[in-house]
Structures are given as structure tokens and as C-alpha cells.
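Architecture and fold: a report
For reference, the chains in residue letters:
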Amino acid sequence: MTEAVSKRIVLGIQYDGSPWQGWQTQPHGQTVQDALEAALLRFALIPLSVVCAGRTDSGVHALEQVVHFDTAVSRDIASWVRGVNAFLPPSIAVRWACELPPLDIAPLPIATASQAIDPRYAREGGFHARFSATARTYHYLLYNHPVRAPLLVGRAGWVFRPLALQPMREAAQHLVGTHDFSSFRSIECQAKSPVRSMYGLDIAQSGDMFMFTLRANAFLHHMVRNIVGALIAVGHGRKDPAWIADLLAQRDRSRAAPTFMADGLYLARVEYPAQWQLPQHDAQGWPWG
């Protein structure tokens, strides 16, 4: 009998993070990973452990989280979408799936310096949801109105004082480039280095709604929410745009603004080398259209 060949299945996952205690599995089982792995078990009839592109915190949403797992189970690719979704709650859905070649014959992607020295990456020799990623994009939606909007609770942050767009845009440019982001990392952050490369930070306004779009090679724990909190201080006029540059130079979290609420934070896109040909969706526009 020929032994079944293990293949790497990659899924694009979308979820509303409001009902869940973050991505990573916990003993209480109330996480997105727990729900996804439970659905995979019911569909494939064997336990399957997934690896994600980046863990999200409690209340944080994902337009397109990317995960992978290895299995010898044979299913039609479309079934990994429809079949798994049949066992998922309404707040989580598999949007697409693809199958990659067995790891021992898969070509090795061009790795960044940090990936090349990571033993977990080198040992894989193929696609990895986390270590093959070249960039990540987050959106933060912020509702700016004197009165809160009940229909936006959990889906957008809210500030009632007026915001000025141009000073925030000016301040945001100080964050573009490769910097030590210690002033914007959580004290609980476990990253070995606070240095990250911010490829772009754009702010758009549509009526009372602002959207902050941040694209970087990777993000520190609470980095996006801490940056948004600092930019809001500039938008309110409490701080000058140049204050952001000072924060970067000081590398002191205690001097920055408080961590802003998770409600409006969306993992929008994870980028990979074109050779993997993942059927990803465009996540450049507003999350609701």
C-alpha cells in the first residue's frame, strides 16, 4: 500500500473578533484558533493544528488571516471551504483554500534576514504562514462624532472630540521607515527586537469615519493601537505632529499615549512572495465595502 503523502493546506480566514478572547488557543477554548481547530476536527475527523500569520488580541478582527496545517487527509479544495464553514460559528469563515506541494519538493522562498536565521523557518523548507510573510497590513476604523453609535460598537473605535486630519497625516510620516518602536510596544511584548520597518501609514476620512492603514514587515504587541492613540492626541490638538518623532527618539512607552481600544482594529492582509500564488482577496479598501 502506498503511504498517503502529507500536503500543506493554506486557508484564508475572516472573523469578527468581538465574541472571542483573541486568536491563540486557551484552556477556556474561547478563541478563534480553538473554534477553527474544532471545526477542522469535525470535518476531517482527525485533530489538525493550525499555524497563523499573526496572533490577534481579544476583540481584534481579521479581514484575511492566513493559516496553514499539514495533513494526509484527501479532500477537494472547495470542500476545505464549504465543509469547514459548516462547523464554524457565524463570526468566523474560511474564505479560500489552496494546497501546496509536499515540503520536501517545495521551492524555498526568498527569506528576509530575520527569517533566514530562524531555525523554525529553515527547517520547514517551504511555505509557512508566519515566516514566509513579507508584510502585514492593518486597518483601524475610528468613528468621530459627539454621540456614540450603538451599531458600531465592537467594529470601530470612537472619539467624541473633533479630529483634524492633516496634522495626523503629518505626524504619521515620522513613523514611516525602519525605527526602534519601543515607545509603541506593550510592556508584555515578547519580541526579541523592537525594530520594525513601517512601509506606509495612511489616514483617510469619509464623513465621520477615519481609517488608519498601517503596512509594515511585522508589528509589535499593541503597536497599532498605541500608534493610533498617539495620532489621536495629535488630531485633537493636544500634541504637535513633531511629538511623534520625539516619542520614537525617546524609546520610552511611558511617555506615549494610552493604548487605544481594540474595537476598530482589523488585520487586513498578509503578503507573501508571488511564487506561492495564494488566492488572496484585495483588502485595500474600507472593510465594509
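I will try to describe carefully the structure that is included in this document. (Residues numbered from 1 in each chain as written. Predicted model: local features only at pLDDT ≥ 70, side-chain atom pairs only at ≥ 80, totals over all residues. Heavy atoms only, no water.)

1. A word on the pairing of strand β1 (residues 7-15)
Inclusion rule: Here's how the labels work: a residue is buried when its accessible area is under 20% of the maximum for its type, exposed when over 50%, partly exposed in between, all with a 1.4 Å probe on protein chains only. What counts as a helix is a DSSP run of H or I of at least four residues, what counts as a strand is a run of E of at least two, and both are numbered from the N terminus. One bridge is not enough; two strands pair if DSSP finds at least two bridges between them.
Most of β1 sits inside the fold, with eight of its nine residues counted as buried. Summarising the sheet, β1 and strand β4 (residues 92-100) pair through eight bridges and their orientation is antiparallel. From the neighbouring strand, L11 faces β4, where its bridge partner is A97.

2. Some points on the pairing of strand β10 (residues 265-271)
By the criterion of burial, β10 is predominantly enclosed, with five of the seven residues buried. Note that strand β3 (residues 61-71) and β10 share two bridges and pair parallel. By the bridge assignment, A62 is partnered in β10 with L267. Judged from the six bridges that link them, strand β5 (residues 135-144) and β10 form a sheet pairing that is antiparallel. Looking at β10, one finds that R136 is bridged to V270.

3. Focus on the environment of A62
Note the cut-off: Every residue pair with non-hydrogen atoms within 4.5 Å of one another is taken to be in contact.
Along the polypeptide, A62 turns up in strand β3. By relative accessible area, which is 1% here, A62 ends up buried. A C-alpha to C-alpha distance of 5.3 Å links A62 and Y15, two positions 47 residues apart in sequence. Those residues in contact with A62 that sit more than four places away from it in its chain are I13, Q14, Y15 and L267.

4. Considering the pattern of salt bridges
Counted only if it meets this: Whenever a carboxyl oxygen of Asp or Glu lies within 4 Å of a side-chain nitrogen of Lys or Arg, that contact is scored as a salt bridge.
In this structure the tally under the stated criterion is six salt bridges. In this structure, R155 and D16 form a salt bridge, with 3.0 Å as the shortest nitrogen-oxygen distance. Here D16 lies in the loop between β1 and α1 (32-44) and R155 lies in the loop between β5 and β6 (157-159), a separation of 139 residues in the sequence. D252 is paired through a salt bridge with R255; the nearest N and O atoms lie 3.5 Å apart. Judged by relative accessible area, which is 27%, D252 ranks as partly exposed.

5. Some words on the packing of helix α5 (residues 165-172) against helix α6 (residues 223-235)
Put simply, the rule reads: Think of each axis as a best-fit line through the C-alpha atoms, taken over the contacting stretch in the case of a helix, with angles from 0 to 180 degrees between the N-to-C directions. Small angles under 35 degrees read as roughly parallel and large ones over 145 as roughly antiparallel, with 65 to 115 read as roughly perpendicular and the rest as oblique. Handedness of a helix crossing follows the sense of rotation of the near helix relative to the far helix, less than a right angle counterclockwise being left-handed and clockwise being right-handed. Gly counts as polar in this scheme, as do all residues outside two lists: the nonpolar Ala, Val, Leu, Ile, Met, Phe, Trp, Tyr, Cys and Pro, and the charged Asp, Glu, Lys and Arg.
Between α5 and α6, the shortest axis-to-axis distance is 8 Å and the interhelical angle comes to 135°. When the axis of α5 is compared with that of α6, the two are oblique. Helix-helix and strand crossings are classified by hand; for α5 and α6 the assignment is right-handed. Contacts from P167, M168, A171 and A172 in α5 reach L231, I232, V234 and G235 in α6. Its residues placed into classes, the contact of α5 with α6 shows seven nonpolar, one polar and no charged.

6. Notes on the nonpolar core
For clarity, the cut-off: Residues enter a nonpolar core if they are buried and are Ala, Val, Leu, Ile, Met, Phe, Trp, Tyr or Cys, with the set joined through side-chain atoms within 4.5 Å.
Grouped together as the largest cluster of nonpolar side chains are 82 residues, with contacts concentrated most on L36, W80, F212, I227 and Y272. With nine residues, the single largest contributor to this core is α6. When residues no more than four places from it in sequence are discounted, the contact partners of L36 are I13, W23, V50, V67, V84, L88 and V94. Formed by 10 residues, the second largest nonpolar core is a distinct cluster that contains L63, A149, L152 and Y266.

7. Focus on unusual backbone geometry
Even without being glycine, R251 reaches a positive phi, approximately 55°. Following the sequence through the fold, R251 ends up in the loop between α7 (242-250) and β10. Exposure remark for R251: the relative accessible area of 53% places this residue in the exposed category. One non-glycine residue, Q277, lies in the positive phi region at around 50°. By relative accessible area, Q277 is classed as exposed at 68%.

8. As for α5
To be explicit about the condition: The directions from the helix axis to the C-beta atoms form the arc being described.
Buried residues of α5: L165, M168, A171 and A172, and no others. Here the buried residues of α5 occupy an arc of 130° about the axis, which is enough to place them on one side. On its buried side, α5 packs onto β8 (195-206), β9 (209-216), α6 and α7.

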